[in-house]
Amino acid sequence: MALCWWAAGAIAQHGPVAAHPQAVHIRDSKDPDGPALTVSPAAWTRFVAFAAGADLTA
């Protein structure tokens, strides 16, 4: 399956992402043909909340 990579907002500084129902893929924008980090949608949601400064201790 071909992934549709995108970068928007603050995430664009760190690398494009591609999402589908079971995983979120993150890659280095300087090496688009290199490896991608794959995480679950839940892990990605927690990362974005953490990066935005959300209180995740509750």
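This structure is a prediction, so every number in the text was calculated from the model and none was measured.

Relative to the helices and strands, H25 resides in strand 2 (residues 23-27). Polar side-chain contacts of H25 include one of 3.4 Å to the side chain of H20. At 2.9 Å, the side chain of H25 and the side chain of T38 are in polar contact.

With that out of the way, let us pick up the pairing of strand 2. Most of strand 2 is tucked away: five of the five residues are buried. Residues A23, H25 and R27 point to one face of strand 2 and V24 and I26 to the other, with burial holding for every one of them. Pairing of strand 1 (residues 17-20) with strand 2 involves four bridges; the strand directions are antiparallel. Among the inter-strand pairings, V17 is bridged to a residue of strand 2, identified as I26.

On to the sheet that holds strand 3 (residues 36-39). The strand order across the open sheet formed by three strands is 1-2-3, and the pairing between neighbours is antiparallel. Among the strands making up the open sheet, the edge pair consists of strand 1 and strand 3. Taken over all neighbouring pairs, the strand axes of this sheet differ in orientation by 20° on average, direction set aside.

Now for the packing of aromatic side chains. Following the criterion strictly, the structure yields one aromatic pair and no others. Aromatic pair W44 and F47: ring centres 5.5 Å apart, planes at 35°, arrangement tilted. Here W44 and its partner F47 are both found in helix 1 (residues 41-51), three residues apart, which amounts to about one turn of the helix. For F47, a relative accessible area of 43% corresponds to the partly exposed category.

All right, on to the side chain of R27 then. Residue position: R27 is located in strand 2. No salt bridge is formed by the buried R27. Its closest oppositely charged neighbour is D33, at 6.1 Å.

Next up on the list: the confidence of the model for the protein. Of the residues in the protein, 84% have a pLDDT of 70 or more, and the chain-wide mean is 82. Taken element by element, the protein is modelled with least confidence in strand 1, mean pLDDT 87, and with most confidence in strand 3, mean pLDDT 92.

Conventions we followed
Residues numbered from 1 in each chain as written. Predicted model: local features only at pLDDT ≥ 70, side-chain atom pairs only at ≥ 80, totals over all residues. Heavy atoms only, no water. Helix = DSSP H or I, 4+ residues; strand = E, 2+ residues; numbered from the N terminus. Polar contact = N/O pair within 3.5 Å; in protein donor to acceptor, adjacent residues only side chain to side chain. Buried < 20%, exposed > 50% of the residue type's maximum accessible area, 1.4 Å probe, protein only. Pairing = 2+ DSSP bridges. Axes fitted to C-alpha atoms, helices over the stretch in contact; angles between N-to-C directions. Phe/Tyr/Trp six-rings, centres within 6.5 Å; stacked < 30°, edge-to-face > 60°. Lys, Arg positive; Asp, Glu negative; His and termini not counted. Salt bridge = Lys/Arg side-chain N within 4 Å of Asp/Glu carboxyl O. pLDDT = per-residue confidence, 0-100.

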